[in-house]
Amino acid sequence: DLIRTAVTTGNGTGFVTRGKFTEAMDLSLDVLSLVEVEVQFNLLLSNVDIWLTGQSQVPSARRMAPEIGATGTAGAPLNARASLQLRLGAGQHQLRVLHE
């Protein structure tokens, strides 16, 4: 669980409001990198979004939405996934994951 790891190691922070939560994960890259973030969730109970914030943010007209797909079986607690692939240049970046 990348977000849980980021929060436990001090590389991310969490925000909880009205039953929703947002996790922020700071990335420090030395070179141009392909970054992939995947979040698993229950399709019937959750709504998930992943986006890039800060100075490295892509203009909204060119922003890519996360790819949503099925995983496991329909009855499984985690039966869907959202994944976002980004090519980011060297520097500081912040990814946020919203779960509601």
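Quick caveat: nothing in here was measured; it's all calculated off a predicted structure.

Undergrad: Can you tell me about the overall build of the chain, naming the residues and giving the values?
TA: Along the backbone of the chain there are 1 helix and 7 strands. Here the chain holds 100 residues, and the buried ones make up 36% of them. Entry remark: accessible area of the chain is about 6700 Å², with carbon and sulfur atoms responsible for 54%.

Undergrad: So, the environment of L84: which residues are in play, and what are the values?
TA: Position of L84 relative to the elements: it lies in strand β6 (residues 80-88). We classify L84 as buried; its relative accessible area is 4%. Setting aside anything within four residues of it in sequence, one finds L84 in contact with V35, E36, V37, I50, W51, M64, A65 and P66.

Undergrad: Before we move on, could you go through the nonpolar core and cite the residues and values that matter?
TA: Formed by 17 residues in total, the largest nonpolar core has its most connected members in V35, V37, I50, L88 and L95. Listing elements by their share of this core, those giving two or more residues are β2 (20-29), β3 (33-41), β4 (48-53), β6 and β7 (91-99). Looking at this core element by element, the count peaks at 5 residues for β6. Leaving out residues up to four positions away in the same chain, L88 has contacts with L27, L29, V31, L32, S33, V35, L52 and H93.

Thresholds applied
- Residues numbered from 1 in each chain as written.
- Predicted model: local features only at pLDDT ≥ 70, side-chain atom pairs only at ≥ 80, totals over all residues.
- Heavy atoms only, no water.
- Helix = DSSP H or I, 4+ residues; strand = E, 2+ residues; numbered from the N terminus.
- Buried < 20%, exposed > 50% of the residue type's maximum accessible area, 1.4 Å probe, protein only.
- Areas by Shrake-Rupley, 256 points an atom, 1.4 Å probe, with all protein chains shown as cover.
- Contact = heavy atoms within 4.5 Å.
- Core = buried A, V, L, I, M, F, W, Y, C linked by side-chain atoms within 4.5 Å.

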